[in-house]
Amino acid sequence: IGSIVEAFNYVHLEKVELIRFTGYVVVNNNDAIGRPTSQSGNLTDTSALAIDGNRTNYAASSCSFTGETEIPWWQVDLRSTKTVTGVYIVNPGDKNYREVTELSIRVGFIQNRGGIGNPTCGGQSHFFSRGESRLVSCVPEVEGRFVTIFALQVNSSLSLCEVEVEISDIG
């Protein structure tokens, strides 16, 4: 679905993203908007900027930033049990941010320590180039209340310009 999302025009309408193409409308629920967020470091209190609906780059001051921590993570509380089908991530495009970021996405019911013990979404790790945006599909789907993104580089920072959590309305 990531290629479909990138190939067609889409419009954000609060928590719902409509994708229009030849006679069909696909609805993707972004359940992260308006939910509580937290992160491992609070150099500045910016964790909510990753779900502000603005997919801009770091220079536009619309990205979260943990500052340097031992294990950098960012988390959103979905407020109830959800079936997560994918997580869309916008990596900073700022020239001062690292060229490649290795991330782990976790979904589950554990909140403490960033939910490091929760199941992974789409595999153990995902590499994002500077400025890259894409959907990571959770195959299989993962149930949970907390979605956490970890930077897999110890003693570093984590910055996210947008995070969108897709959920299934089925089941």
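Student: Got a sec to walk through the state of the cysteines? Specific residues and values, please.
Tutor: Per the counting criterion, the structure on display carries 2 disulfides. A sulfur-sulfur separation of 2.0 Å characterises the disulfide bridge that pairs C63 with C161. With the S-S bond torsion at 90°, the cross-link from C63 to C161 turns out right-handed. Here C161 lies in the loop between strand 10 (159-160) and strand 11 (162-167) and C63 lies in the loop between strand 4 (37-39) and strand 5 (64-65), a separation of 98 residues in the sequence. At a sulfur-sulfur separation of 2.0 Å, the disulfide partner of C121 is C138. Residues C121 and C138 are joined through a disulfide that is left-handed, its torsion about the S-S bond being -95°.

Student: Tell me what's going on with the pattern of salt bridges, and back it up with residues and numbers.
Tutor: The final tally for this structure, using the stated rule, is 5 salt bridges. For R35, the salt bridge identified is with D31, shortest N-O distance 3.3 Å. For the residue pair R35 and D31, the accessibility class agrees, reading buried in each case. R134 is the salt-bridge partner of E132, the closest N and O atoms lying 2.7 Å from each other.

Student: Before we move on, can you summarise the pairing of strand 11 with the specific residues and values?
Tutor: Taken across its 6 residues, strand 11 has 6 buried, putting it largely inside the fold. Of the two faces of strand 11, both are covered, the one formed by E162, E164 and E166 as well as the one formed by V163, V165 and I167. Where strand 6 (residues 73-90) lies against strand 11, 6 bridges are found, and the strand directions are antiparallel. Of the residues in strand 11, the one forming a bridge with V84 is I167.

Student: Could you give an account of the pairing of strand 6, with specific residues and numbers?
Tutor: In terms of burial, strand 6 is a largely internal element, 15 of the 18 residues being buried. Judged from the 3 bridges that link them, strand 4 and strand 6 form a sheet pairing that is antiparallel. When the sheet's bridge partners are listed, T37 is paired in strand 6 with V76. In this structure, strand 6 lies alongside strand 9 (residues 133-151), joined through 13 bridges in antiparallel fashion. Looking across to strand 9, one finds that W74 is bridged to I149.

Student: Talk me through the nonpolar core; I want residue IDs and the actual numbers.
Tutor: In this structure, W74, V87, V147, I149 and V165 are the most contacted members of the largest nonpolar core, which totals 26 residues. Of all elements in the fold, only strand 6, strand 7 (100-108), strand 9 and strand 11 reach the threshold of two or more residues within this core. Leaving out residues up to four positions away in the same chain, I149 has contacts with P72, W73, W74, V87, I89, L103, S104, I105, L158, L160 and V163. Judged by nonpolar contacts, the second largest core, of 5 residues, contains C63, Y88, V90 and C161.

Criteria and cut-off values
Residues numbered from 1 in each chain as written. Predicted model: local features only at pLDDT ≥ 70, side-chain atom pairs only at ≥ 80, totals over all residues. Heavy atoms only, no water. Disulfide = S-S within 2.5 Å. Helix = DSSP H or I, 4+ residues; strand = E, 2+ residues; numbered from the N terminus. Salt bridge = Lys/Arg side-chain N within 4 Å of Asp/Glu carboxyl O. Buried < 20%, exposed > 50% of the residue type's maximum accessible area, 1.4 Å probe, protein only. Pairing = 2+ DSSP bridges. Core = buried A, V, L, I, M, F, W, Y, C linked by side-chain atoms within 4.5 Å. Contact = heavy atoms within 4.5 Å.

So, to be careful, I would describe these as geometric facts and stop short of saying anything about function.
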